Amino acid sequence: MNEKQRLESQQIKQSDSTDVKSEPNRNLDRLKKLSSDELISKYFQTTYEPPNLKKARSRRKKDVDIHYDFDIPLEMRAVGKGKKFLIRTYGCQMNEHDTEVMAGILTNMGYQSTDSTDDADIILLNTCAIRENAENKVFGEIGHLKPLKTENPDLIIGVCGCMSQEESVVNRILKKHPFVDLIFGTHNIHRLPKLINEAMFGKEMVVEVWSKEGDIIENLPKVRNGKIKAWVNIMYGCDKFCTYCIVPYTRGKERSRRPEDIIQEVRHLAAQGYKEITLLGQNVNAYGKDLDIDYGLGDLMDEIRKIDIPRVRFTTSHPRDFDDHLIEVLAKGGNLLDHIHLPVQSGSSEVLRVMARRYTREDYLELVRKIREAMPNATLTTDIIVGFPNETDEQFEQTMSLVEEVGFESAYTFIYSPREGTPAAKWEDNIPMEVKKERLQRLNALVNKQSAEAMKHYEGKTVKVLVEGESKKDPDVLSGYTERNKLVNFKGPKSIIGEIVEVKITNTKTWTLDGELVESAVEVN
Ligand code: SAH
Ligand code: SF4
Ligand code: F3S
């Protein structure tokens, strides 16, 4: 399907074509034209489909098109001159990177960025749908923006990211927050110039969300957040369909970028002086499976290893597709760092089965054994969900014992949150909140203890730190991460920001290390 057909068939609604010369709308008046129910039925006629496991599973790789022809329409190239934009980002690194792309597009339209809502002409909320509390935060923020819109009707307020891929969210905004000008989905970012045009000159709220799986648009502009570390997407979407997770629906099908496009981007970043890249995907170990060549993450890392960029990380790994070739390549070291984030979710094989993770406790432990054998110094971190439907005390204890057995040095831990449209949401959320909270507390106490113990090993040792800038708490202190992802605070001249330096650790805490710069070892490169 080409772009034009897709436009016609997949969008919920693309507002009527607009006349650039018409008066900018006065947003608060425009909604008097249609009631919220009329708007909803208009937007959700037949084209939008809410999360649907059966349908989503029937995705086929031939539906993915790669585009190299992104361009900003001539009439939109100077629209932002003298104007400012603010993007608030929630959720994971995917969203952070999408924000960099949107910032790139807006900058190319003449807008400048601002940190303040007071002087912003466009405010975009790049949202996350992973858990209910993530969504509540965004709805709170939308409410806070209303007075700004009342004061300045020309302000454009947009909601994008994963929440806008959910029908219930779009309905709620249409009904309860009609002052929002623009809602667009994760597959619609490249349409931002057109959508802003419609929001500026159209008469109604602009809603464009493709439930379609999305294509790959290669040549989108980006304004990266900083000059030291960079995100590089290697793939988009997820086809794993863990039963609790909304991501396969909000981000579409798994689709890999061509290796040559990724390598070119990494080379370019190296040439620009970036010191660290993180390869991004929801399930990076599935990289290449959808390509028409026999090429996987191990092959890609083996090529990136040879590029002159000091540090390469990747996230997120799924244990199921973590193959021996990748372990072999990672073990070569060099710029491939010794830190693997390997979400386990639960230590019980039975819970893992109902989560549809497609590995058992034993499979996971065997993978950890292989990784440790090849990379004895590797740091392992993980994600864990507690209180999944029917999780028994014994099953939770298995999670505790797995955390100890693997020796995770840190973990993101979550209380299960039912997400509408996922298979697990149909099951009774039957673990009482106090039990969930107690399990979370016990798990966190264990993770904290292990983290503090791991930190103790660094006492008196010298580590290599990529200096990122002033510490958040004290501008006289610099901070940065070690190769194994430990945050280090130390005093030093601002001139070493962006360099990799040696720091001797003098004090260890649960999550951070304090140290002293080893002056003679400052790298000059
Ligand atoms: N793609 C990554 C993680 C994506 S989401 C992976 O598969 O590992 C990040 C984490 O959020 C997940 O690892 C999981 O621990 C958590 N998570 C996802 N859905 C959740 C839900 N419905 N409730 C609670 N936590 C959830
Ligand atoms: Fe969600 Fe990750 Fe599972 Fe994909 S692999 S469904 S993103 S938890
Ligand atoms: Fe959230 Fe979407 Fe990332 S749901 S975790 S922002 S992929």
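Residues numbered from 1 in each chain as written. Chains lettered and ligands numbered in written order. Predicted model: local features only at pLDDT ≥ 70, side-chain atom pairs only at ≥ 80, totals over all residues. Heavy atoms only, no water.

- An unreviewed UniProt entry annotates the chain as tRNA-2-methylthio-N(6)-dimethylallyladenosine synthase of Gracilibacillus dipsosauri.
- Quoted verbatim from the Subcellular location (unreviewed entry) heading of the UniProt record, the comment on the chain is "Cytoplasm". (UniProt positions renumbered as here; feature names shortened; annotations may be inferred.)

## A closer look at the overall build of the chain
Okay, step 1: In terms of helices and strands, the chain carries 16 helices and 21 strands.
Okay, step 2: In the chain, which comprises 525 residues, the share counted as buried stands at 55%.
Okay, step 3: Expressed as a percentage of contacts within the chain between residues at least 6 apart in sequence, the contacts between residues at least 24 apart total 77%.
Okay, step 4: By element, 48% of the accessible surface of the chain is carried by carbon and sulfur atoms, the whole surface being about 23200 Å². (Helix = DSSP H or I, 4+ residues; strand = E, 2+ residues; numbered from the N terminus. Buried < 20%, exposed > 50% of the residue type's maximum accessible area, 1.4 Å probe, protein only. Contact = heavy atoms within 4.5 Å. Areas by Shrake-Rupley, 256 points an atom, 1.4 Å probe, with all protein chains shown as cover.)

## A short note on the nonpolar core
Okay, step 1: Residues Ile277 and Met301 are the most contacted members of the largest nonpolar core, which totals 56 residues.
Okay, step 2: Ignoring anything within four residues of it in the chain, the contact list for Met301 reads Leu279, Val312, Phe314, Leu326, Val329, Leu330 and Leu336.
Okay, step 3: With 31 residues, the next largest nonpolar core counts Ile142, Ile157, Cys162 and Val180 among its residues. (Core = buried A, V, L, I, M, F, W, Y, C linked by side-chain atoms within 4.5 Å.)

## Focus: the site of ligand 3
Okay, step 1: Residues in contact with ligand 3, as listed here, are Cys92, Asn95, Cys128, Ala129, Ile130, Cys162, Arg251 and Gln282.
Okay, step 2: Among the residues making up the shell around ligand 3, the classes are represented as five nonpolar, two polar and one charged. (Near = heavy atom within 4 Å. Nonpolar A, V, L, I, M, F, W, Y, C, P; charged D, E, K, R; others polar.)

## Details of the UniProt feature "binding site: [4Fe-4S] cluster 2" (unreviewed entry) in the chain
Okay, step 1: As annotated in UniProt, the feature "binding site: [4Fe-4S] cluster 2" (unreviewed entry) corresponds to Cys238, Cys242 and Cys245 in the numbering used here.
Okay, step 2: Looking at the element boundaries, Cys238 is found in the loop between strand S10 (235-236) and helix H9 (247-250).
Okay, step 3: On the basis of relative accessible area, Cys238 is assigned to the buried category, the value being 9%.
Okay, step 4: Tracing the backbone through its elements, the reader meets Cys245 in the loop between S10 and H9.
Okay, step 5: Classification of Cys245 as buried rests on a relative accessible area of 14%.
Okay, step 6: The contact partners of Cys245, leaving out residues within four places of it in the chain, are Ile130 and Thr422.

## Some words on the pattern of salt bridges
Here the idea is simple: oppositely charged side chains can pair when their charged atoms come close.
Okay, step 1: According to the stated counting rule, one finds 34 salt bridges in the structure shown.
Okay, step 2: In this structure, the salt-bridge partner of Lys332 is Asp302, at a minimum N-O distance of 3.1 Å. With Lys332 in the loop between helix H12 (324-330) and strand S14 (339-341) and Asp302 in helix H11 (residues 297-304), this pair connects stretches of sequence that are 30 residues apart.
Okay, step 3: Residue class for Asp302 comes out buried when judged on its relative accessible area of 15%.
Okay, step 4: Residues Glu405 and Arg361 are paired through a salt bridge, measuring 3.4 Å at the closest nitrogen-oxygen approach. Separated by 44 residues along the polypeptide, Glu405 in helix H15 (residues 393-406) and Arg361 in helix H14 (residues 361-374) bring together distant segments of the chain.
Okay, step 5: Since its relative accessible area comes to 52%, Glu405 is described here as exposed.
Okay, step 6: Each of Glu218, Lys222, Arg224, Arg257 and Glu265 takes part in a single network of salt bridges with overlapping partners. (Salt bridge = Lys/Arg side-chain N within 4 Å of Asp/Glu carboxyl O.)

## Details of the packing of aromatic side chains
Okay, step 1: Scanning the entire structure with this criterion turns up seven aromatic pairs.
Okay, step 2: Relative to Tyr295, the ring of Tyr287 lies with its centre 6.3 Å away and its plane at 75°, an arrangement referred to as edge-to-face.
Okay, step 3: When its relative accessible area of 1% is taken as the criterion, Tyr287 is described as buried.
Okay, step 4: We classify Tyr295 as buried; its relative accessible area is 13%.
Okay, step 5: Ring centres of Tyr359 and Tyr364 lie 6.1 Å apart, and the angle between their planes is 40°; this geometry places the pair in the tilted category.
Okay, step 6: A relative accessible area of 0% means that Tyr364 is categorised as buried.
Okay, step 7: Directly above the ring of Phe139 sits Arg172, whose terminal nitrogen or CZ lies 3.6 Å from the centroid. (Phe/Tyr/Trp six-rings, centres within 6.5 Å; stacked < 30°, edge-to-face > 60°. Lys NZ or Arg CZ within 6 Å of the ring centre and 35° of its normal.)

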